[in-house]
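# Observations on the model geometry
Chain residues, written in single-letter form:
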Amino acid sequence: MNKKLMTMLVACALSVTTLSTTAVFAEDAVVTGETPAVTETTTSPTPTPAPETTPVAYEPEVTLLTPKSKWTGDSDIVFEVDAKGGTVYHFEVYVYDANDAGYPIFVQSKVEVNQEGKGKITFTKDALKNAKIWADGDDEPQIAIDWTKYSEIEFAFDFELNGQHKYRSMFVETSVKAPEVTVTPTTPAKPSTPAKPTENKGTTTITPNASVAKDDSKQILQLLQRKKHQKLVIL
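Residues numbered from 1 in each chain as written. Predicted model: local features only at pLDDT ≥ 70, side-chain atom pairs only at ≥ 80, totals over all residues. Heavy atoms only, no water.

### Focus: the pairing of strand S6 (residues 110-113)
Where a strand is regular, its side chains alternate between the two sheet faces. Keep this limit in mind: A pair of strands is considered paired only if DSSP assigns at least 2 bridges between the two. Numbering of helices and strands runs from the N terminus; a helix is a DSSP stretch of H or I covering at least four residues, while a strand is a stretch of E covering at least two.
Across 4 bridges, S6 lies against strand S7 (residues 118-123) in antiparallel orientation. Counterpart to Val-113 in the pairing with S7 is Gly-119. Connecting S6 to the next strand, S7, in antiparallel fashion are 4 residues, including Gly-117 with a positive phi near 85°.

What follows is the structure, encoded as structure tokens:
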């Protein structure tokens, strides 16, 4: 057999084999209605959640600057405040008696705080002495405070930062005494010096009573009449 012919036959055989393989592969890849298509998907890695962070607790500060341990009514009461960048104002003030019964009072304060919430809040002695208390059913404070009846004051402050509110209370003991009654001593009047009696050199003045003076006048009249009668007789 001719080599050329042999080569052609081999080439034809290889072509038939290749076509058969391709047809089989194509047939295997056909998707029927009953067999779902297999789709290769790429799975993305699950992101790691960020760790939860706990918000920093808001801790404002307030300190009593008044050096005395008890308020006696003769000094101001001063507090140093630090709102840590927030705001602050005095919230309420209460007084407590010996039985620990508390009563709200109204007293004006003097606030000296910068934009960072640092500074001082002062309650002057005059403002405290003029403070008034609410009575039951009153809308306005009407009753002046008798500080001798109370033993403690509570000052409540409200601090706020980004919606967080913190309340701080400071207690100050009191010891106010009732004012002493001032008695002005009076100087007794000096006794008057009695007038010296007028010296009478041998002259005695006798003041007769009315009846005696009347009798004497009668006697004198009788004597005059007698002397007149005697003169008439002589002539």
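Following the structure, the description resumes.
### A few points about a negative patch on the surface
This is how the line gets drawn: Within this analysis, patches are made of residues with over 30% relative accessible area and no salt bridge. Like charges are joined at 9 Å or less; nonpolar side chains (Val, Leu, Ile, Met, Phe, Trp, Tyr) at 5 Å or less. The protein chains shown are the only cover counted for residues, whose accessible areas, like all others here, come from Shrake-Rupley with a 1.4 Å probe. For salt bridges, the criterion is a side-chain nitrogen of Lys or Arg within 4 Å of an Asp or Glu carboxyl oxygen. When charges are counted, neither His nor the chain ends are considered; positive counts come from Lys and Arg and negative counts from Asp and Glu. By convention, the point assigned to a charge is CZ for Arg, NZ for Lys, CD for Glu and CG for Asp. Burial classification: accessible surface area is computed with a 1.4 Å probe over protein chains only, and a residue below 20% of its type maximum counts as buried, one above 50% as exposed, and the rest as partly exposed.
Together, Asp-136, Asp-138, Asp-139 and Glu-140 give the surface a local cluster of negative charge. The exposure class assigned to Asp-138 is partly exposed, which follows from its relative accessible area of 32%.

### Digging into the sheet that holds strand S10 (residues 150-161)
Here 7 strands make up an open sheet; going across it, the order is S2-S11-S10-S4-S5-S8-S9 and the pairing mixed. Looking at strand neighbours, the two that pair on one side only are strand S2 (70-71) and strand S9 (143-144), the edges of this open sheet. Judged from the 2 bridges that link them, S2 and strand S11 (residues 164-174) form a sheet pairing that is parallel. Note on S11: the bridge partner recorded for Trp-71 is Thr-174.

### Some thoughts on the pairing of strand S5 (residues 102-106)
Direction of pairing for strand S4 (residues 87-97) relative to S5: antiparallel, over a ladder of 4 bridges. Opposite Tyr-94, over in S5, you have Pro-104 as the bridge partner. In sequence, S4 turns back onto S5 through a hairpin of 4 residues, with Asp-100 there showing a positive phi of about 65°. In this structure, S5 lies alongside strand S8 (residues 132-133), joined through 2 bridges in antiparallel fashion. What sits directly across from Ile-105, in S8, is Ile-133.

### Observations concerning the pattern of salt bridges
What the rule picks out here adds up to 3 salt bridges. A salt bridge links Glu-59 to Arg-168, with the shortest nitrogen-to-oxygen separation between them at 2.9 Å. Here the residue Glu-59 occupies a position in the loop between helix H1 (3-28) and strand S1 (61-64), and Arg-168 occupies one in strand S11, the gap between them amounting to 109 residues. Relative accessible area serves as the criterion here: at 42%, Glu-59 is assigned to the partly exposed category.

### A short note on a nonpolar patch on the surface
Nonpolar side chains collect at one region of the surface, where Tyr-89, Phe-91 and Tyr-167 lie side by side and expose about 330 Å² of accessible area between them. Tracing the chain through its elements places Tyr-89 in strand S4. In this structure Tyr-89 comes out as partly exposed when scored by relative accessible area, which is 42%.

### Describing the sheet that holds S6
What counts, and what does not: To get an axis, fit a line to the C-alpha atoms, keeping to the stretch in contact for a helix; angles then go from 0 to 180 degrees between the N-to-C directions.
Read from one edge to the other, the open sheet built from 4 strands follows the order S1-S3-S7-S6, with strand pairing classed as antiparallel. Both edges of this open sheet fall to S1 and S6, since each of them pairs with a single strand only. Taken over all neighbouring pairs, the strand axes of this sheet differ in orientation by 20° on average, direction set aside. Note that strand S3 (residues 77-82) and S7 share 6 bridges and pair antiparallel. Residue Glu-80 lies in a different strand from S7, and its bridge partner there is Lys-120.

### Re unusual backbone geometry
Non-glycine residue Lys-84 carries a positive phi angle of around 55°. By the element assignment, Lys-84 lies in the loop between S3 and S4. Under the relative-accessibility criterion, Lys-84 is labelled partly exposed at 39%. In this structure, Asn-162 takes a positive phi of about 50° despite not being glycine. Mapping Asn-162 onto the fold places it in the loop between S10 and S11. Residue classification places Asn-162 among the exposed residues on the basis of a relative accessible area of 73%.

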